[in-house]
Amino acid sequence: NAEQLKSILNKLDGQKYGTYKQLKGTYQFDRFKLAIDHVQVDPYAPPSKMRIIMNRDTAGIPAELLDSKDKIIAVADFLTRAFGESIKKHKNGAKMNSKNIKILIDRPGEEILERTSVVIGEHELEVRFEVGLPAAGRRILGKAAADIITGILPKIADDSLLYQNLDQKGLEKQVSLVLDQMHIRQVLNQKNLVAFVANGAILPRTSGVSDKPLQGAVPFSSPENLKVQIDLPSGKTVTGMGIAEGITLIVGGGYHGKSTLLQALERGVYNHVPGDGREMVITRSDAAKIRAEDGRNIEKVNISTFINNLPAKKDTHAFSTENASGSTSQAANVIEALESDSSLLLIDEDTSATNFMIRDARMQKLIARDKEPITPFSQKVKPLYDEENVSTILIVGGSGDYFDVADQVLMMDEYRLKDVTDAAKEIAASDADKKGNMSDEKFSEISQRIPLKSGFSKSGKDDRLKAKGRTTIMYGKEPIELAGLEQLVDDSQTNCIAVMIDYLRHNVLDDTLTLSEAVDQVYKHMERNGLDALLPYSGHPGNLARPRKQEFIGALNRYRGFKIKG
Ligand code: ADP
Ligand code: MG
């Protein structure tokens, strides 16, 4: 129990650091069990992994805050943040040198994601964190360790896990907000909308490196004719812009806030914390940002709807390259998004290949059709909607090529959105050059590729997957670069993708399932058994947060050893 642990730690004082490893095990404290799952081998190694396991009755969080999966995710997120805050408080208030106190828990950003940092089961609540076991040189600081684990830790737990000590209003607010957000996302589907942006939402962020709301920003307000009202489960009513299915073009001068709006929509696939400013910016959960990503690897993707007649007769029905161009990468990104079942594409001119997006009438006159390999997206966006029911929201500020096909044209003017559809349509109708240009385009089949297990057989030490920050996974010595996945928002999502790939290759791939089917099996397993179950062992699973299917598939597509059947 805790007393015994305390005396063991005191006895370890001054001994070789490696002696800490006998701590592995479970200890009964007053209000919880402490599981020490993994002990670091030296003071500089990643800190030791521990769990607090508390009865739900002890924690006392009302059952009505925990009676659905969405609520549990909201509460677990809240407790993770509370535990993190509590660490800070007790570290600063401690009598010992706070430099020696190293207690860490996953740090969520503005999104509320399903995580492994706090897991709430039917009877128990588990907190997963890390402790850097203190040392002087390579000798154990046993008294300090005892103070941290048996002194400070229980206080942190009491403050952040017992309902009586929690910010109860804050907790209820977060749960009710998540339910409201989930409800809006459902309403989108019922009303054939692809996105909703509430009046009053704050879209811009403080800076390129901070995801906090910009102070003094102009709040969002909907064009009058796009206003919708949604009644929320909390009893509130929210008013804002509903973007309908189809093709939505956002235009406007540079620096008027176009990209800021689109970025908010990209993030609207996730729920946000109270105070973020984007709480009521809600997008279809399968929306995919599409960008150019030259240099990426492409493995047998059928991009023929966009690109044909490449020099040297390279076939584009199963196009592969280790070094894609801007346009081929963007074409592949579209097709892969469709393969991962996205019903909404989000495209910004700032991160697009111009020759993929547009080709104006003059250039079409100069260069014969059969000499130009690219059919620009402007000619495919409508067939894509008509045939596949996939909508697009795109920003094109420098060309009117999309006026003909857009269902609505919205203009950003000094951070204020206006509907200019009628004016744009008039211009398009009076422009003789463009007529007939769109006539015969079709989108063509979306092929379902079958991934091969043999793409994932590295030997020995190279056979390990490990995330490095948000944008890289190391597969042995080989990096999988994920910077192109702009909707991957959290380091822990990347950690999770690494273990999901590991699970996929060992337990799912069989050379017959399509990519989408294989990935669905991984999600089914996670849904049934939790994120923990991705790992072949029990105990502290590391910091994992659930990624979307789109990002998981996106990561597989960016792995340079990825092999496709055929
Ligand atoms: P665009 O894509 O139209 O060129 P951006 O979206 O990049 O414009 O925005 C330009 C700048 O304006 C950014 O620094 C952004 O933070 C700021 N901004 C965007 N929307 C608002 C707003 N509603 N209020 C205040 N500043 C904003
Ligand atoms: Mg922009």
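Counting restarts for each chain, with residues numbered from 1 along the sequence as it is written. All chains are assigned letters beginning with A, and all ligands numbers beginning with 1, in the order in which they are written. Where totals are concerned, whole chains, interfaces and linings use all residues; where local detail is concerned, this predicted model gives features only for residues with pLDDT of at least 70, and gives and counts side-chain atom pairs only at 80 or more. The side-chain numbers reported here are obtained from all heavy atoms of the structure, hydrogens and water having been left aside.

Novice: So what exactly am I meant to see when it comes to the overall build of the protein chain here?
Specialist: The secondary structure content of the protein chain amounts to 14 helices and 27 strands. The size measure is the radius of gyration over C-alpha atoms, and the globule rule it meets is 2.2 Å times the number of residues to the 0.38 power. In terms of C-alpha radius of gyration, the protein chain reaches 26 Å, essentially the compact-globule figure of 24 Å for 566 residues. Each of the three principal axes of the protein chain carries a C-alpha extent, and together these read 90 × 55 × 40 Å. Each residue is assigned to one of three classes by its accessible area relative to the maximum for its type, calculated with a 1.4 Å probe on protein chains only: buried under 20%, partly exposed between the two thresholds, exposed over 50%. Taking all 566 residues of the protein chain together, the buried fraction comes to 55%. Taking the contacts inside the protein chain whose residues are at least 6 apart along the sequence as the reference set, 72% of them involve residues at least 24 apart. To be clear on the numbers: accessible area is Shrake-Rupley with a 1.4 Å probe, and residue cover counts the displayed protein chains and nothing else. With the model as given, the accessible surface of the protein chain reaches about 24,900 Å², and the carbon-plus-sulfur share is 49%. What counts as a helix is a DSSP run of H or I of at least four residues, what counts as a strand is a run of E of at least two, and both are numbered from the N terminus. In what follows, residue pairs with any heavy atoms lying within 4.5 Å of each other are defined as contacts.

Novice: Honestly, the domain arrangement of the protein chain in this entry has me stumped. Any pointers?
Specialist: Interfaces are often sized by the accessible area lost when the parts come together. For each domain, the first and last residues come from an automatic or database assignment. According to the domain assignment, the protein chain contains domain 1 (2-166), domain 2 (179-447) and domain 3 (453-558). Each of domain 1 and domain 3 has a C-alpha centre, and the two are 27 Å apart. On the domain 3 side, the residues contacting the 17 residues of domain 1 number 15 residues. Buried area counts how much accessible surface, traced with a 1.4 Å probe, disappears from two parts once they are put together, with both parts' losses summed. Where domain 1 abuts domain 3, roughly 1,300 Å² becomes buried across the two surfaces, and 49% of that area is made up of carbon and sulfur atoms. Per-residue buried area on domain 1 facing domain 3 is highest for Glu114, Thr116 and Arg128; these three make up 41% of the total on that side. Between Lys or Arg on one side and Asp or Glu on the other, a salt bridge is scored when a side-chain nitrogen of the former is within 4 Å of a carboxyl oxygen of the latter. Summed over the shared surface of domain 1 and domain 3, the number is three salt bridges.

Novice: Help me out: how do you make sense of the coordination of the magnesium ion (ligand 2) in this one?
Specialist: Reference geometry at the metal: tetrahedral coordination by four donors gives ideal angles of 109.5 degrees; octahedral coordination by six donors gives 90 or 180 degrees. Bound to the magnesium ion (ligand 2) on the protein side are Ser259 (OG) and Asp350 (OD), at distances that span 2.1 to 2.2 Å. One end of the pair, Ser259, is in helix α6 (residues 258-267); the other, Asp350, is in the loop between β21 (344-348) and α8 (354-357), and 91 residues separate them in sequence. You can call Ser259 buried: its relative accessible area is 17%. Residue classification places Asp350 among the exposed residues on the basis of a relative accessible area of 55%. Coordinating N, O and S atoms are those within 2.8 Å of the metal (3.2 Å for Na, K and Ca), and as water is not part of the atoms, a site may appear to have fewer donors than expected.

Novice: Teacher, can you tell me more about the pattern of salt bridges here?
Specialist: Any two side chains of opposite charge can pair, given that their charged atoms come close. In the structure shown here, the tally under the stated rule is 39 salt bridges. A salt bridge links Lys33 to Glu124; its shortest N-O distance comes to 4.0 Å. One end of the pair, Lys33, is in strand β2 (residues 33-38); the other, Glu124, is in strand β7 (residues 124-131), and 91 residues separate them in sequence. The class of Glu124 is partly exposed, set by a relative accessible area of 35%. The partner of Asp159 in a salt bridge is Lys89, and the shortest N-O contact between them spans 2.6 Å. Taken together, the residues Asp159 in helix α4 (residues 142-161) and Lys89 in helix α3 (residues 69-93) connect sequence positions 70 residues apart. Taking the relative accessible area as the measure of exposure, Asp159 reaches 23% and is therefore partly exposed. What makes Lys89 exposed here is its relative accessible area of 51%.

Novice: For this particular structure, what's the right way to read the site of ligand 1?
Specialist: Around ligand 1 sit 13 residues in total, of which Val218, Tyr255, Lys258, Ser259 and Thr260 are the nearest. For the purposes of these results, a polar contact is taken to be a pair of N or O atoms within 3.5 Å, where, inside protein, one atom must be able to donate a hydrogen and its partner to accept one; residues adjacent in sequence count only when each atom of the pair is a side-chain atom. The separation between an oxygen atom of ligand 1 and a polar main-chain atom of Gly257 is 3.1 Å. Coverage of ligand 1 by the protein chains reaches 78% of its 560 Å² of free accessible surface. Here the residues of the shell around ligand 1 sort into six nonpolar, six polar and one charged. Residues are labelled near a given molecule or strand when at least one of their non-hydrogen atoms is within 4 Å of it. For this scheme, ten residues count as nonpolar: Ala, Val, Leu, Ile, Met, Phe, Trp, Tyr, Cys and Pro. Four count as charged, namely Asp, Glu, Lys and Arg, and the remainder, Gly too, count as polar.

Novice: How should I be thinking about unusual backbone geometry in this particular structure?
Specialist: For residues besides glycine, phi is generally negative; the peptide bonds are generally trans as well. Even without being glycine, Glu414 reaches a positive phi, approximately 50°. Even without glycine at this site, Asp511 takes up a positive phi of about 65°. Inspection of the secondary structure assignment puts Asp511 in the loop between α12 (491-507) and α13 (515-529).

Novice: Where do I start with the packing of α3 against α4 in this structure?
Specialist: A pair of packed helices is characterised by two quantities: the angle between their axes and the separation of those axes. At a minimum axis separation of 8 Å, α3 and α4 run at an interaxial angle of 135°. Put simply, α3 runs oblique to α4. Along this stretch, α3 crosses α4, giving a crossing that reads as right-handed. Of the residues in α4, those touching α3 at Leu79, Ala82, Phe83, Ser86, Ile87, Lys89 and His90 are Ile152, Leu153, Lys155, Ile156, Ala157, Asp159, Ser160 and Leu161. Taken together, the residues of the contact of α3 with α4 sort by class into nine nonpolar, three polar and three charged. Fitted lines through C-alpha atoms give the axes, limited to the stretch in contact for helices. The angle between two N-to-C directions lies from 0 to 180 degrees. By definition in this entry, angles of less than 35 degrees are roughly parallel, angles greater than 145 are roughly antiparallel, angles of 65 to 115 are roughly perpendicular, and the rest are oblique. For a crossing to be left-handed, the near helix must be turned anticlockwise from the far one by less than a right angle; the clockwise case is right-handed.

Novice: Is there a simple way to explain helix α1 (residues 2-12) in this structure?
Specialist: In an α-helix, one turn spans 3.6 residues, which is why side chains three or four residues apart end up on the same side. Within α1 the residues assigned to the buried category are Ala2, Leu5, Leu9 and Leu12. Mapping the buried residues of α1 onto a view down its axis gives an arc of 80°, with all of them on the same face. Seen from the open side of α1, the exposed residues pointing more than 90 degrees away from its buried face are Glu3 and Lys11. Elements in contact with the buried residues of α1: β1 (25-28), β2, β9 (139-140) and α4. Sitting at the head of α1, Asn1 places a side-chain oxygen 3.0 Å from the backbone nitrogen of Glu3. Just beyond α1, the residue with positive phi is Gly14, at close to 85°. The arc in question is traced by the directions running from the helix axis to the C-beta atoms.

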